[in-house]
Amino acid sequence: MAQFNDIKGFVFDLDGVITDTSTFHSQAWHQVADKVGVKWDDDLADALKGISRMDSLNLILARDHKENDFSADEKNALAAEKNDNYLKLVSQMSPANILPGIQALLNDLKAQGYLLSLASASKNSPLVLKHLGLGDFFTKSVDPASLKHGKPDPEIFRRGAEILNLDPAQCIGVEDAAAGVQSINGAGETSIGIGDPKVLAAADINFTDTAQLTLANIKQAMNAATLA
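The chain is annotated in an unreviewed UniProt entry as Beta-phosphoglucomutase of Lactiplantibacillus dongliensis. UniProt lists a comment for the chain under the heading Sequence similarities (unreviewed entry), and it reads "Belongs to the HAD-like hydrolase superfamily. CbbY/CbbZ/Gph/YieH family."

Written as structure tokens, this is what we have:
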């Protein structure tokens, strides 16, 4: 893990870190699962967190060994249908949907000169940021369509550092999913996990919720870890 004073940038995941669209994703995927005859449950919903749209669809189909029952065109149509359902829900979002403490953190990071980028697997992240009123904070965003590999592969977080013209060691990655934390670690960045520390045990630093995610707390945690 890097020294706090060496950190120049932050690379954020979107869902579960900046806002919570997981319920929207779950509702939209649940509709698809019902359509293809796959039983929906909490374990399946959790397995879809932090991964791409097509990977999510393939996981749903694989649950009942249906991954070979649909052509590529049919899979694309199902993924598009999910996205349409999701966008209807996203259109209702506003700054009130920013998770606790995040607006203050972003203001603080910007005021202190840290560089920010977004590393989200969602192709809809620009639209979500627009509804949240946070587009000006994330003028640098990884295009998920340009990636060859999804999380937990480190590519997306490595790219998040590159677009800031920073070495990964100069960046902190923030995630709420185990696959995302693995991606951050693989990229060579300092990882912050938001959520259950048992699930996110691989993270360098853990906070149980976003309200704890302040620059002062991050500094304190990194300094304590360095001294341990």
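Next comes the rest of the account.
K.L.:
Would you mind going over unusual backbone geometry with me for this structure?
P.N.:
For residues besides glycine, phi is generally negative; the peptide bonds are generally trans as well. At the junction of K151 and P152, the peptide bond is cis and its omega measures out at 15 degrees in the coordinates. With respect to the helices and strands, the residue P152 is situated in the loop between α6 (125-132) and α7 (155-162). Its identity is not glycine, yet H65 carries a phi of approximately 55 degrees, on the positive side. Among the secondary structure elements, H65 is positioned in the loop between α3 (53-63) and α4 (72-90). Look at N165: it is not a glycine, yet its phi comes out positive at around 60 degrees. Inspection of the secondary structure assignment puts N165 in the loop between α7 and β3 (171-175).

Parameters and conventions
- Residues numbered from 1 in each chain as written.
- Predicted model: local features only at pLDDT ≥ 70, side-chain atom pairs only at ≥ 80, totals over all residues.
- Heavy atoms only, no water.
- UniProt positions renumbered as here; feature names shortened; annotations may be inferred.
- Helix = DSSP H or I, 4+ residues; strand = E, 2+ residues; numbered from the N terminus.

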